[in-house]
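Working through the structure, step by step
The chain contents come next:
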Amino acid sequence: MTVLGLSCWYHDAAAAIVRDGEIVAAAQEERFSRRKHDPEFPAQAVAFCLERAGVRAEDLDAVAFYDKPLLKFERLLETFLTRAPRGLPAFLDAMPPWLRQKLWIGDRITDALGGLPESVPVLFPEHHESHAASAFFPSPFERAAFITTDGVGEWATTSWGVGDGSTLEIRAEQHFPHSLGLLYSAVTTFCGFRVNSGEYKLMGLAPYGRPVYRDLMLDRLVDLKPDGSFRLDQRYFTYAAGRRMTGRAFADLFGGPARVPESPITVREMDLAASVQAVTEEIVLRMARHVHAETGERNLCLAGGVALNCVANGRLLREGPFDQIWIQPAAGDAGGALGAALMATHVWAGVPRTATPADAMRGSRLGPEFSEPEIAAAFAAEGFPDTAVETFATDAEVVTRVAGLLAEGQTVGWFQGRAEFGPRALGGRSILADPRGRDVQQRVNVQVKFRESFRPFAPAVLSERAADVFEIGREEGVGVRDGGAMDQEIADTERTFPNPRSTVSNPQSPYMLLVGQVRGAEALSERGEAALDGRYAVASPLPAVTHVDGSARVQTVTRERAGLFYDLLAAFERATATDDAPGCPVLVNTSFNVRGEPIVHSPADALRVFRQTGIDVLAVGRHVVTKAALPEAERVPLTPDEIAAAYGLD
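Here goes a summary of the coordinates provided. The shown structure was predicted, so the numbers you read here are calculated from the model rather than taken from an experiment.

Moving on, we come to the overall build of the protein chain. Each helix and strand in the protein chain was counted, giving 22 helices and 22 strands. Considered along the principal axes of its C-alpha atoms, the protein chain spans approximately 70 × 60 × 50 Å. Taken over 650 residues, the protein chain has a buried fraction of 61%. Expressed as a percentage of contacts within the protein chain between residues at least 6 apart in sequence, the contacts between residues at least 24 apart total 74%. Accessible area of the protein chain: about 24,100 Å², with a carbon and sulfur share of 50%. A distance of 4 Å separates the average location of the 66 positive side-chain charges in the protein chain from that of its 85 negative side-chain charges.

Structure, rendered in structure tokens:
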């Protein structure tokens, strides 16, 4: 039973292929097209998935699209009609593409795949069914509750229910226009960031502010019930029938017009970010408590765009009622392609499901990989002199060389194995650095990523050392995870960094979807502009990955999931050990891209970003090159404006 799942024509187009319940491959189209959040039919991602599975489109048993277009069209029509004439301009914008294209998605899919025999149906699970399937079916649980929360699917904005074996039951939904995802996106745009990409920035900005508007939001914007359901006062929002998210009433409520994008960030934006983050966390906690009470389940699965809010996830782990949670690493719409394929496999076709102890996502390493000859050809095509490139005979030699360079303070572009599926770089397409340097965050943000200096970097840590360095879950050792095995308690080691944890089990966060505290870090007492401009440094043993509130978005790394990346972390720990102190088991891990561009896809992409930015070292497969080995004229990185011009970014 082989099913192709698709997500496209809205944003974050993706394809996934599932055979007999096993996830064979998954990828986002943006990685191939180099167009961030590419919404078009994922032709290149489909071609990769089919090739990886060794099948042709006509060999498939089914194709599954991640939502029901006709139901979504019904919602759009009803919404516009009930708000006429105010919604007329938006209605006139929306209808032509629907009438020309989106109402005929089944035919368009068939045409895009070169024609399908009648024996290959095109199936349409509901949007939140796809999210729920992506949350539960790959999880390590035979039975669990699930919650899916995002902007909007067809009508649903939140759903919850129970998965059991090969079955999935949605028991309740909240409907548009009352949406937690759209509330968060409304504040995101009001603060001058973009929907679908700026929410991460808002979450990163929140610790710089204070939640001074929390009560005002709950009093005027959000009518929140004890069970986590709520209603948004539509007098303050225009997204239901307009071209913008908020209107004049929203601006009046919060002291003036929205921030102009790229203009200086003020205390108001910081406080708005902190306030909507606090409201989001409260809603998530109430939802979880209600679902736990209604279902009696011990385990919880999460998906939907709101499940990428790792700060809320961290609170849910520490304060929520569930023993264990599992979060889909591709929780947004891209993951809907995978959920649709799994829904068709298990629910439509009735293929039995057996939960795997770790999870079925394979560390989210589901994308393309490149052979050593392909890598060598890319170096040659990009004009790298042979004398500048070190080629090693074994992976172990690469690991030793790169670990030594990291220990010297070098920044490394790391391109190894299969690409990750989802928004996080997990050690396959990563930029790495020593987290102990106080200038690392600013240097990498400004010279490599070309992004806002307030955005924090995530730490990757050896799984068995995680509890030594971070407080991720409950201190009493209740098991928690963000998508990895709720591994049995890992034996404490005698090595300690920065301090011993002899009585705490080791909660896992393999998909970088949980925020915990850095042990030994002190939250910055300053807030507002003084904190944002960097005049005050956070006191932390790992300053490059410690946010102003003493937190970090943690990735725990095992050899089972990460392979060579685990070996690199272990080698870095050895390289940084001294006679007087243990080594550091942590590396800065941020995605291998520049601001506004998708994560690198091919060796050629990696080589171009290396050449154009301030990255010191590049390791692609068994090939390693340093900037110091290049001709002097090639060592100078481009400016942010030059990067924007080179990539066609605004």
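Attention now moves to the packing of aromatic side chains. Inspection of every chain in the model, using the stated rule, returns 16 aromatic pairs. Cluster of aromatic residues (ring-pair linked, three or more members): F176, F190, Y213, F237, Y239, F250 and F254. Sitting over the face of the ring of W9, R108 holds its NZ or CZ atom 4.0 Å from the ring centroid. Over the aromatic face of F610 sits the side chain of K627, whose NZ or CZ is 4.6 Å from the ring centroid.

Right, let's talk about the environment of G54 for a bit. By secondary structure assignment, the location of G54 is in the loop between α2 (43–53) and β4 (62–65). Between the C-alpha atoms of G54 and F176, which are 122 residues apart in sequence, the distance is 41 Å.

Turning our attention to the sheet that holds strand β20 (residues 586–591). Pairing in this open sheet of 10 strands is mixed, and the strands run β13-β22-β21-β14-β15-β20-β16-β19-β18-β17 from one edge to the other. The strands lining the two open edges of the sheet, one partner per strand, are β13 (389–391) and β17 (470–471). Pairing geometry for strand β16 (residues 458–462) and strand β19 (residues 551–557), over three bridges, is parallel. From the neighbouring strand, L462 faces β19, where its bridge partner is V557. Contacting β14 (412–415), β15 (429–433), β16, β19 and β20, helix α20 (residues 564–575) runs over the sheet at an angle of about 85 degrees to β16. Sitting on the sheet, helix α21 (residues 603–612) is in contact with β14, β21 (617–620) and β22 (623–626), with an inclination near 175 degrees to β21.

What follows deals with the packing of helix α6 (residues 127–136) against helix α13 (residues 333–348). Relative placement of two packed helices is described by the angle separating their axes and the distance separating the axes. Remark: α6 packs on α13, axes separated minimally by 7 Å, with the N-to-C direction vectors making an angle of 85 degrees. Relative to α13, α6 is oriented roughly perpendicular. Packed against α6, whose contacting residues are H127, E129, S130, H131, A133 and S134, the element α13 presents D333, G335, G336, G339, A340, L342 and M343 at the interface. For the contact of α6 with α13, the per-class residue count stands at four nonpolar, seven polar and two charged.

With respect to topology, five strands assemble into an open sheet ordered β3-β2-β1-β4-β5, the strand pairing being mixed. Two strands bound the open sheet, and with one partner strand each, they are β3 (22–28) and β5 (122–123). As judged from the four bridges shared by strand β1 (residues 2–7) and β4, these two strands associate in the parallel manner. Bridging from a neighbouring strand, G5 pairs with A64 of β4.

Of note, T280 is situated in helix α11 (residues 267–295). Non-local contacts of T280, meaning those with residues more than four positions away in its chain, are made with L180, Y184 and N309.

Here we come to the environment of A27. Structurally, A27 can be placed in strand β3. When its relative accessible area of 5% is taken as the criterion, A27 is described as buried. Through-space distance from the C-alpha of A27 to that of P42 is 8.9 Å; in sequence the pair is 15 residues apart. Apart from residues no more than four positions distant in its own chain, A27 is found in contact with A14, A15, F32, A45, F48, C49 and F421.

Moving on, we come to the pairing of β21. Remember that side chains alternate between the two faces of the sheet whenever the strand is regular. In β21, alternate side chains face the same way, and those of V617 and A619 on one face and L618 and V620 on the other are all buried. Two elements, β21 and β22, share four bridges in a ladder whose sense is antiparallel. Each residue of the ladder has a partner; that of V617, found in β22, is T626. The antiparallel pairing of β21 with β22 creates a hairpin that spans two residues between the two strands, and G621 there sits at a positive phi of about 60 degrees.

Attention shifts here to the pattern of salt bridges. Using the criterion set out here, one finds 31 salt bridges in the structure. R561 is paired through a salt bridge with D359; the nearest N and O atoms lie 3.8 Å apart. Highlighted residues: R561 in helix α19 (residues 559–562) and D359 in the loop between α13 and α14 (372–381), separated in sequence by 202 residues. The class of D359 is buried, set by a relative accessible area of 8%. Residue D605 is joined to R608 by a salt bridge in which the shortest nitrogen-to-oxygen separation is 2.8 Å. Taken together, the residues D605 and R608, both in helix α21 and three residues apart, mark about one turn of the helix.

Before going further, it helps to spend a moment on the packing of helix α15 (residues 395–407) against α20. Between α15 and α20, whose axes approach to 8 Å, the crossing angle comes to 50 degrees. One finds that α15 runs oblique with respect to α20. Helix-helix and strand crossings are classified by hand; for α15 and α20 the assignment is right-handed. For the pair α15 and α20, the contacting residues are D395, V399, V402, A403, L406 and A407 in the first and L564, D567, L568, A571, F572 and A575 in the second. For the contact of α15 with α20, the per-class residue count stands at 10 nonpolar, no polar and two charged.

Cut-offs and rules
- Residues numbered from 1 in each chain as written.
- Predicted model: local features only at pLDDT ≥ 70, side-chain atom pairs only at ≥ 80, totals over all residues.
- Heavy atoms only, no water.
- Helix = DSSP H or I, 4+ residues; strand = E, 2+ residues; numbered from the N terminus.
- Buried < 20%, exposed > 50% of the residue type's maximum accessible area, 1.4 Å probe, protein only.
- Contact = heavy atoms within 4.5 Å.
- Areas by Shrake-Rupley, 256 points an atom, 1.4 Å probe, with all protein chains shown as cover.
- Lys, Arg positive; Asp, Glu negative; His and termini not counted.
- Charge placed at Lys NZ, Arg CZ, Asp CG, Glu CD.
- Phe/Tyr/Trp six-rings, centres within 6.5 Å; stacked < 30°, edge-to-face > 60°.
- Lys NZ or Arg CZ within 6 Å of the ring centre and 35° of its normal.
- Pairing = 2+ DSSP bridges.
- Axes fitted to C-alpha atoms, helices over the stretch in contact; angles between N-to-C directions.
- Parallel < 35°, antiparallel > 145°, perpendicular 65-115°, else oblique.
- Nonpolar A, V, L, I, M, F, W, Y, C, P; charged D, E, K, R; others polar.
- Salt bridge = Lys/Arg side-chain N within 4 Å of Asp/Glu carboxyl O.
- Left-handed = near helix turned anticlockwise from the far one by under 90°.

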